[in-house]
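# Structural features, examined
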Amino acid sequence: MSPVRFSAEPKSPVPLLIINASRVTGVAPLLVYFDGDAITKDGSGREYHTEKHDWTFGDRASGAVWGPTSLSKNRGRGPNVGHVFETAGTYTVRDIITTEDGKKFSPSKRIYVLDPNTVYAAGLTTVVSRTGDFTGKPTGATELTTTDIGDVNALMIPGRRVLFRAGETWPTGFSVNARNVRIGKFGAGDKPIFQGGIRVSDAEHDCDDVVIMDLTLTGDDGNESAGIFFEGSATNFLALRCDISHFGTNFQCLISTLNYYDGQGDPQSMYDMVGVVECTLEDAVNYDAFWDCWRMVMLGCTLDTVTDEHVFRSTWIKGGHIAHNSALNGVAGKHVFKILAPDYTDESAVVPLASKTQRLNMYSNRIVGSGAEDWIVALYPENSTEDNR
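Note that the structure is a prediction, hence the values are computed from the model and not measured. (Residues numbered from 1 in each chain as written. Predicted model: local features only at pLDDT ≥ 70, side-chain atom pairs only at ≥ 80, totals over all residues. Heavy atoms only, no water.)

Turning our attention to the pattern of salt bridges. Two side chains with opposite charge may pair up if their charged atoms get near one another. Summed over the entire model, instances satisfying the criterion amount to 15 salt bridges. Between Lys73 and Glu278 there is a salt bridge; the shortest N-O distance is 2.9 Å. Taken together, the positions of Lys73 in the loop between strand 4 (52-56) and strand 5 (75-77) and Glu278 in the loop between strand 24 (272-277) and strand 25 (280-284) put the pair 205 residues apart, joining distant regions of the chain. Since its relative accessible area comes to 23%, Glu278 is described here as partly exposed. For Asp272, the salt bridge identified is with Arg295, shortest N-O distance 2.8 Å. Here the residue Asp272 occupies a position in strand 24, and Arg295 occupies one in strand 27 (residues 293-299), the gap between them amounting to 23 residues. Asp272 gets classed as buried once you look at its relative accessible area, which sits at 16%. (Salt bridge = Lys/Arg side-chain N within 4 Å of Asp/Glu carboxyl O. Helix = DSSP H or I, 4+ residues; strand = E, 2+ residues; numbered from the N terminus. Buried < 20%, exposed > 50% of the residue type's maximum accessible area, 1.4 Å probe, protein only.)

With respect to the secondary-structure elements, Asn236 resides in strand 21 (residues 234-240). When its relative accessible area of 15% is taken as the criterion, Asn236 is described as buried. Reaching out from Asn236, the side chain makes a polar contact with the side chain of Asp208 at a distance of 3.0 Å. Not counting residues up to four positions away in its chain, the partners in contact with Asn236 are Arg23, Asp208, Asp209, Val210, Asp272 and Met273. (Polar contact = N/O pair within 3.5 Å; in protein donor to acceptor, adjacent residues only side chain to side chain. Contact = heavy atoms within 4.5 Å.)

Further remarks concern the pairing of strand 23 (residues 249-253). When a strand is regular, its side chains alternate between the sheet's two faces. Of all 5 residues in strand 23, 5 are buried, a share of seventy percent or more. As paired strands, strand 20 (residues 226-229) and strand 23 are joined by 3 bridges and run parallel to one another. Opposite Phe229, over in strand 23, you have Gln252 as the bridge partner. Two elements, strand 23 and strand 26 (residues 287-291), share 4 bridges in a ladder whose sense is parallel. Opposite Gln252, over in strand 26, you have Phe290 as the bridge partner. (Pairing = 2+ DSSP bridges.)

Moving on: the pairing of strand 25. Examined bridge by bridge, strand 22 (residues 243-245) and strand 25 share 3 bridges and lie parallel to one another. Note on strand 25: the bridge partner recorded for Ile244 is Leu281. Strand direction decides the pairing type here: strand 25 and strand 28 (residues 302-306), joined by 4 bridges, are parallel. Paired with Glu282 across the strands is Asp304, a residue of strand 28.

Next up on the list: the confidence of the model for the protein. Scored by pLDDT, the protein has a mean of 88; 87% of the residues are at 70 or more. In the predicted structure, residues 4-10 sits below a pLDDT of 50 and forms 0 contacts with residues beyond four places in sequence or in another chain. (pLDDT = per-residue confidence, 0-100.)

Here we come to the nonpolar core. One finds Phe174 and Phe251 to be the most contacted residues of the largest nonpolar core, which totals 59 residues. In terms of nonpolar packing, the next biggest core, distinct from the first, is built from 14 residues, Trp66, Leu240, Val297 and Leu299 among them. (Core = buried A, V, L, I, M, F, W, Y, C linked by side-chain atoms within 4.5 Å.)

On to the sheet that holds strand 22, then. Think of a sheet as strands paired side by side through backbone hydrogen bonds, with each pair either parallel or antiparallel. The strand order across the open sheet built from 8 strands is 13-16-19-22-25-28-31-34, with neighbouring strands paired in parallel fashion. In this open sheet, the two edge strands, each paired with only one partner strand, are strand 13 (169-170) and strand 34 (366-368).

Okay, here's the thing in structure tokens:
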């Protein structure tokens, strides 16, 4: 008897559905970066461009809408997105994926957010006032009355929360240089004002899990000054609802700084998971933001006016979410957004050889030129080398 043979059309590859989250638990406000990959194994490598991703963060407490765009804070789109969970609880994040041929998938991820008043209970929270007014402080917080910024710097130790009296003004900035620190305000009234910048990390002290929120930083228009800046490695950093103005660069996160200190014998690693959310960056001398990062998030910010350079500049981003921002008022011969890639042959201590700027998810931004710029948005290599690999 002759053998019977059957044949069938090969099945389409089944996607391996993964939501990668930078963190699945942490203290509110918690910034999480999500990367939703539906890998069809079809060999095209184009899934990032051909698949549609619609996200819901399960975070109804995040409130209404982003100011610059009036779009919901509880939704996102694109393969990689960021979100800030400001309230303790358990959240189910869902990514509704539509493939190029119309198939739909809906992977999800649970995020567990802890209450800062529980994590930083008595003994772990210090409230600081220049005048001794501690009205509205968290229950059990340690009180410190001082006008000495050295006393403030001494509070920045791992596992602490430091809150400044609303409405008070400090004549200088301060340094963090520690891990697992929360910095903000207490009491009713305007944000505390610091007439100087905040150094988050230095060559010998990297930072991880640092939040700076609800502060105002003002500079003196010095060309070399910076508002929030890093002089060493940093991961899981969030600036939330801060107003920063009149520095040389209002927000500064540079590859060149890491390369310099690495060359001085202090090994560094690339910035990763750095977020700026609902901040105002304005009236800088050079840049409102100069930002190099492995993964970065900028949401709901206003970047307005520079004197000499670009409003936003980056020389390398490996994965980013830039959405719901307003950026405007560049200068002649410059750009509002300038996004570059390193020279393909550059040797760097912190960026691998032949790195590319890629996986940048940028949408729903209001970008307005002054009419004097070369282009409002510019995407091109750092130098004239042409390389299309």
